[in-house]
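Residue strings, one per chain:
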Amino acid sequence: MRVARATVFAVACVVLACLAHLVGGGMVHVDALVTGLALTLPAALALAWRERSLPPILFVLTLVQAGLHTLFGAMCPVEAVPAPEHPAHGAPGAGMLVAHAWAVVLTALWLARGERALWTLLRLLLARGLRLLWLVSGGFVEHRPPSRPVRARACASPSFAPLRHAVVRRGPPPGIVAVDDRAW
């Protein structure tokens, strides 16, 4: 299960980073995609040991997108990169930043919903499996008497002990005085 979750995470990261990089005006080679997947998958495997919520997924995706952007830029020939998007100092242009930000947000939302759905399904299957195990192991048989007699315990107030969790809603609402018709 960890490998499947990590693979989905890594593939989603790399594919959406590639699309964001292309939309932002950059170039991506196949070697960069394979290298990005090879670097992202082990990191995803290390994080896939428990359920993750949106904030950690968003944080990790931001780091992964920045790393993949750097990788795609480093593996692209200099003459193929448009000048406005990658100035001489290597900083990405506004279009590239917006594209990668959208990739981070959309991927994080998608993966967080998938995580929640997967873990809900696993909990449901576990509960059903435990119930089936309980039924198969003898849970459907009538209750057996205990092996030794049970002594009765003394209750502090026997008249109200069984009703301690009951909500009393009988009688008139508070603040209304009852009038006796027979007195008139």
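Residues numbered from 1 in each chain as written. Predicted model: local features only at pLDDT ≥ 70, side-chain atom pairs only at ≥ 80, totals over all residues. Heavy atoms only, no water.

> Describe a nonpolar patch on the surface, naming the residues involved and giving the relevant values.
Together, Val-11, Val-15, Leu-19, Leu-22 and Leu-37 line one region of the surface with nonpolar side chains, adding up to about 380 Å² of accessible area. For Leu-22, the position within the fold is in helix H1 (residues 2–23). (Patch = residues over 30% accessible without salt bridge, like charges linked within 9 Å, V, L, I, M, F, W, Y side chains within 5 Å. Areas by Shrake-Rupley, 256 points an atom, 1.4 Å probe, with all protein chains shown as cover. Salt bridge = Lys/Arg side-chain N within 4 Å of Asp/Glu carboxyl O. Helix = DSSP H or I, 4+ residues; strand = E, 2+ residues; numbered from the N terminus.)

> Residues and numbers for the pattern of salt bridges, please.
Under the counting rule described, the total for this entry stands at 1 salt bridge. Between Arg-5 and Glu-115 there is a salt bridge whose closest N-O contact spans 2.8 Å. Taken together, the residues span a long stretch of sequence, with Arg-5 in helix H1 and Glu-115 in helix H4 (residues 94–139) at a distance of 110 residues. Using a relative accessible area of 10% as the deciding quantity, one classes Glu-115 as buried. (Buried < 20%, exposed > 50% of the residue type's maximum accessible area, 1.4 Å probe, protein only.)

> Got a sec to walk through the packing of H1 against helix H3 (residues 54–74)? Specific residues and values, please.
At a minimum axis separation of 10 Å, H1 and H3 run at an interaxial angle of 55°. For the element pair H1 / H3, the angle class is oblique. Pair H1 / H3 crosses with right-handed handedness. Between H1 and H3, the contacting residues are Phe-9, Cys-13, Val-14, Leu-16, Ala-17, Cys-18 and His-21 on the first element and Val-60, Leu-61, Val-64, Gln-65, Leu-68, His-69, Phe-72 and Gly-73 on the second. Taken together, the residues of the contact of H1 with H3 break down into 11 nonpolar, 4 polar and no charged. (Axes fitted to C-alpha atoms, helices over the stretch in contact; angles between N-to-C directions. Parallel < 35°, antiparallel > 145°, perpendicular 65-115°, else oblique. Left-handed = near helix turned anticlockwise from the far one by under 90°. Contact = heavy atoms within 4.5 Å. Nonpolar A, V, L, I, M, F, W, Y, C, P; charged D, E, K, R; others polar.)

> If you had to explain the nonpolar core to someone new, which residues and values would you point to?
Counting residues in hydrophobic clusters, the biggest one holds 20 residues, and the most contacted among them are Phe-9, Cys-13, Ile-57, Leu-61, Leu-68 and Phe-72. When residues of this core are traced back to their parent elements, those giving at least two are H1, helix H2 (30–47), H3 and H4. No other element matches the 7 residues that H3 contributes to this core. Among all residues touching Cys-13, those that are not within four sequence positions of it are Thr-40, Leu-61, Val-64, Gln-65 and Leu-68. (Core = buried A, V, L, I, M, F, W, Y, C linked by side-chain atoms within 4.5 Å.)

> Let's hear about the side chain of Thr-107: which residues, and what values?
In this structure, Thr-107 sits in helix H4. In this structure, Thr-107 is in contact with Ala-12, Leu-16 and Leu-61, ignoring residues within four places of it in sequence.

> Give a description of the packing of H1 against H2 that names residues and reports values.
Their axes nearest at 8 Å, the elements H1 and H2 cross at an angle of 140°. In terms of their interaxial angle, H1 and H2 are classed as oblique. Between H1 and H2 the crossing geometry is right-handed. Residue-level inspection shows Arg-2, Val-3, Ala-6, Thr-7, Phe-9, Ala-10, Val-11, Cys-13, Val-14 and Cys-18 of H1 in contact with H2, the latter providing Leu-33, Gly-36, Leu-37, Thr-40, Leu-41, Ala-44, Leu-45 and Ala-46. By residue class, the composition of the contact of H1 with H2 is 14 nonpolar, 3 polar and 1 charged.

> Lay out the side chain of Arg-52 with the relevant residues and their values.
Of note, Arg-52 is situated in the loop between H2 and H3. Buried within the structure, Arg-52 lacks any salt-bridge partner; Glu-115 is the closest side chain of opposite charge, at an N-O distance of 6.3 Å. Look past the residues within four positions of Arg-52 in its chain and what remains in contact with it is Leu-47, Ile-57 and Glu-115. (Lys, Arg positive; Asp, Glu negative; His and termini not counted.)

> Which residues make up the confidence of the model for the protein chain, and what values go with them?
Looking at the protein chain, pLDDT values average 75 and 70% of them are 70 or higher. Mean pLDDT in the protein chain bottoms out at H4, which sits at 83, and peaks at H2, which reaches 87. Below a pLDDT of 50 lies the segment residues 83–89, which in the model reaches 13 contacts outside its immediate sequence neighbourhood of four places, other chains included. (pLDDT = per-residue confidence, 0-100.)

> Help me get a handle on H3, residues and values and all.
For H3, which comprises 21 residues, the first-to-last C-alpha distance of 30 Å matches the rise-based estimate of 30 Å (1.5 Å per residue) to within 8%. Buried within H3 we find Ile-57, Val-60, Leu-61, Val-64, Gln-65, Leu-68, His-69, Leu-71 and Phe-72. (Expected span 1.5 Å × (residues − 1).)

> Lay out H1 with the relevant residues and their values.
End to end, H1 covers 31 Å across 22 residues, agreeing with the expected 32 Å (1.5 Å per residue, within 8%). Taken as a whole, H1 has its buried residues at Arg-5, Ala-6, Phe-9, Ala-10, Ala-12, Cys-13, Val-14, Ala-17, Cys-18, Ala-20 and His-21. Phi for Gly-25, located one or two positions after H1, is positive at around 105°.

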